[in-house]
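Residues per chain, in single letters:
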Amino acid sequence: MPGRTSVQRVDSKSILTPASGFMSQYTFTLNPYGGCAFGCEYCYARFFAPSQERRETWGRWVLVKSNARQLIIRACRCGELKSGDAVYMSSVTDPYQPAERRLGLTRAVIEAILDSGGQPRLTIQTRSPLVTRDVDLFQRFERIRVHFTITTDSEDVRRRYEPRCPPIKARMEAAAALSGAGVRIGVSISPMLPMKDPGSFGAQLAGLGAEEYVTQYLKPTKSQFAAGSSAEAWRMMREDGWSPREYRQAREEIARRLGEERPLLEGREGYAPA
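To start, this report covers the structure provided alongside it. (Residues numbered from 1 in each chain as written. Predicted model: local features only at pLDDT ≥ 70, side-chain atom pairs only at ≥ 80, totals over all residues. Heavy atoms only, no water.)

### Quick word on the overall build of the chain
Turning to step 1, where the next piece is worked out: Counting secondary structure elements, the chain contains 10 helices and 11 strands.
Turning to step 2, where the next piece is worked out: The C-alpha atoms of the chain give 18 Å as radius of gyration, which agrees with the globular expectation for 274 residues (19 Å, within 12%).
Turning to step 3, where the next piece is worked out: When burial is assessed residue by residue, the chain has 53% of its 274 residues classed as buried.
Turning to step 4, where the next piece is worked out: Summarising the internal contacts of the chain: among those between residues at least 6 apart in sequence, 75% fall at separations of at least 24.
Turning to step 5, where the next piece is worked out: Accessible surface computed for the chain: about 12400 Å², of which carbon and sulfur atoms make up 49%.
Turning to step 6, where the next piece is worked out: In the chain, which carries 40 positive and 31 negative side-chain charges, the distance between the mean positions of the two groups comes to 5 Å. (Helix = DSSP H or I, 4+ residues; strand = E, 2+ residues; numbered from the N terminus. Rg over C-alpha atoms; globule rule 2.2 N^0.38 Å. Buried < 20%, exposed > 50% of the residue type's maximum accessible area, 1.4 Å probe, protein only. Contact = heavy atoms within 4.5 Å. Areas by Shrake-Rupley, 256 points an atom, 1.4 Å probe, with all protein chains shown as cover. Lys, Arg positive; Asp, Glu negative; His and termini not counted. Charge placed at Lys NZ, Arg CZ, Asp CG, Glu CD.)

Okay, structure coming up:
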C-alpha cells in the first residue's frame, strides 16, 4: 500500500521557468509544488528531482512553494509574465495533487494572475477531479485549456500503475463537468497503459467534446542523463505484455471511435498552447 507523503514548505527563488525541449512551444512552465504525491512509477518528472535520494523516494515528498503567489504578482508587475504568454502548469508536478485541497496554493497563483490584470494563454495538466473547484477562475480567462490525464480504461490497471491516483470514472466526470461549464479541455492518454476495451474507451472520450486528444507510449530512458520512465515501469509493461504493437492497435481503435473531426494526436504534436 502507498505510504505517507511528507509535505514541506519552502521559499522559491522563481515560479516561472523558461520553457524548452518538449515544452518549447510555451513561454514558461509554472510549478507551484515540487514533487508529486501521486508518485506514478512511470513519471518522467522524477528525473528532475534535486537528488538521487529524492528520485528514489518519488511520491513520498512534496515541496510547497509558499511564496508562489508573491512571485507571480511580482512577475506580472515587472512585465516578466505578460498577456499572451503561453504558460504550462505544470511540467514536473500535478498542480491539483492532494495537498492542494488543504493549501489552495494553485488557486492562489491563478487568482494572482487574474487580479494582476494578466491574460496569459494558460494550459493546465492534471489527473485530479479537484480541478473542478476552480471553474469560476477558468471562466475568467480568454485562453485556457485544462488537460486531463486519463491513461487507461481499466481500474485494475490504474490500481497497478497509479495506486495513489484518482479513479478513472472520477476523472472522466470532472472532464465532462468542465466541458459542460464552457471550459476548453484536452485529454492526455499519456503514457497509454494497458487497455481493456479501447473501442468503448474511445467512444467515451469522444463524448467529452475535448478540443485535443493525444497519446504517447511509455517514455524511454535513453541514458542516465535523459528523463524517462523507470526500469520498474518498463518491467511491469513487459510483464503485462503491453508492447508498442499493442499500443498501436489500441491507438488505432481509439482514433477510429473519435472520428476524423476529432484527430488523435501523438507525442509532441499534442500539448499545443491554449
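### Some words on helix α7 (residues 168-180)
Turning to step 1, where the next piece is worked out: In this model, α7 (13 residues) spans 18 Å end to end at C-alpha, consistent with the 18 Å of a helix rising 1.5 Å per residue.
Turning to step 2, where the next piece is worked out: Contact partners of the buried residues in α7: α5 (135-138), β8 (144-149), α6 (155-161), β9 (185-189) and α8 (198-206).
Turning to step 3, where the next piece is worked out: In the stretch just after α7, Gly-182 is the one whose phi turns positive, near 85°. (Expected span 1.5 Å × (residues − 1).)

### Remarks on the pairing of β9
Regular strands show a simple pattern: their side chains alternate between the two faces of the sheet.
Turning to step 1, where the next piece is worked out: Taking burial as the measure, the 5 residues of β9 include 5 buried ones, the bulk of the element.
Turning to step 2, where the next piece is worked out: Covered by surrounding structure in β9 are Ile-185, Val-187 and Ile-189 together with Gly-186 and Ser-188, the residues of both alternating faces.
Turning to step 3, where the next piece is worked out: Across 4 bridges, the pairing between β8 and β9 is parallel. Along β9, the bridge assignment pairs Val-146 with Ile-185.
Turning to step 4, where the next piece is worked out: With 4 bridges connecting them, β9 and strand β10 (residues 212-215) associate as parallel partners. Within the sheet, the bridge partner assigned to Ile-189 lies in β10 and is Thr-215.
Turning to step 5, where the next piece is worked out: Crossover connection from β9 via α8 to parallel β10: handedness right-handed. (Pairing = 2+ DSSP bridges. Right-handed = clockwise from strand over helix to strand, strands pointing away.)

### Some details on the packing of α8 against helix α10 (residues 244-258)
Turning to step 1, where the next piece is worked out: Two elements in contact, α8 and α10, have axes whose closest approach is 8 Å; the angle formed by their N-to-C orientations is 40°. Taken as axis vectors, α8 and α10 run oblique relative to one another. For the crossing formed where α8 meets α10, the hand is right-handed. Counted together, Pro-198, Gly-199, Ser-200, Phe-201, Gly-202, Ala-203, Leu-205 and Ala-206 of α8 and Ala-250, Glu-253, Ile-254, Arg-257 and Leu-258 of α10 form the full contact between these two elements.
Turning to step 2, where the next piece is worked out: Of the residues in the contact of α8 with α10, the class split is 8 nonpolar, 3 polar and 2 charged. (Axes fitted to C-alpha atoms, helices over the stretch in contact; angles between N-to-C directions. Parallel < 35°, antiparallel > 145°, perpendicular 65-115°, else oblique. Left-handed = near helix turned anticlockwise from the far one by under 90°. Nonpolar A, V, L, I, M, F, W, Y, C, P; charged D, E, K, R; others polar.)

### A closer look at unusual backbone geometry
Turning to step 1, where the next piece is worked out: The residue after Met-89, namely Ser-90, is reached through a cis peptide bond having omega 15°.
Turning to step 2, where the next piece is worked out: Between Ser-190 and the following residue, Pro-191, the backbone shows a cis peptide bond with an omega angle of -5°.
Turning to step 3, where the next piece is worked out: At Tyr-271, a residue that is not glycine, the phi angle is positive and equals roughly 65°.
Turning to step 4, where the next piece is worked out: With respect to the helices and strands, the residue Tyr-271 is situated in the segment after β11 (264-266).
Turning to step 5, where the next piece is worked out: According to the relative accessible area criterion, Tyr-271 is buried, its value standing at 6%.

### Points about the pattern of salt bridges
Turning to step 1, where the next piece is worked out: Overall, the coordinates contain 24 salt bridges when judged by the stated rule.
Turning to step 2, where the next piece is worked out: Residue Asp-134 pairs with Arg-133 through a salt bridge whose shortest N-O separation is 2.8 Å.
Turning to step 3, where the next piece is worked out: With relative accessibility at 29%, the residue Arg-133 sits in the partly exposed group.
Turning to step 4, where the next piece is worked out: Between Glu-162 and Arg-171 there is a salt bridge, with its nearest N and O atoms 2.6 Å apart.
Turning to step 5, where the next piece is worked out: For Glu-162, a relative accessible area of 0% gives the class buried.
Turning to step 6, where the next piece is worked out: Each of the salt bridges in this network shares a partner with another, and the network as a whole consists of Glu-100, Arg-107, Glu-111, Arg-133, Asp-134 and Asp-136. (Salt bridge = Lys/Arg side-chain N within 4 Å of Asp/Glu carboxyl O.)

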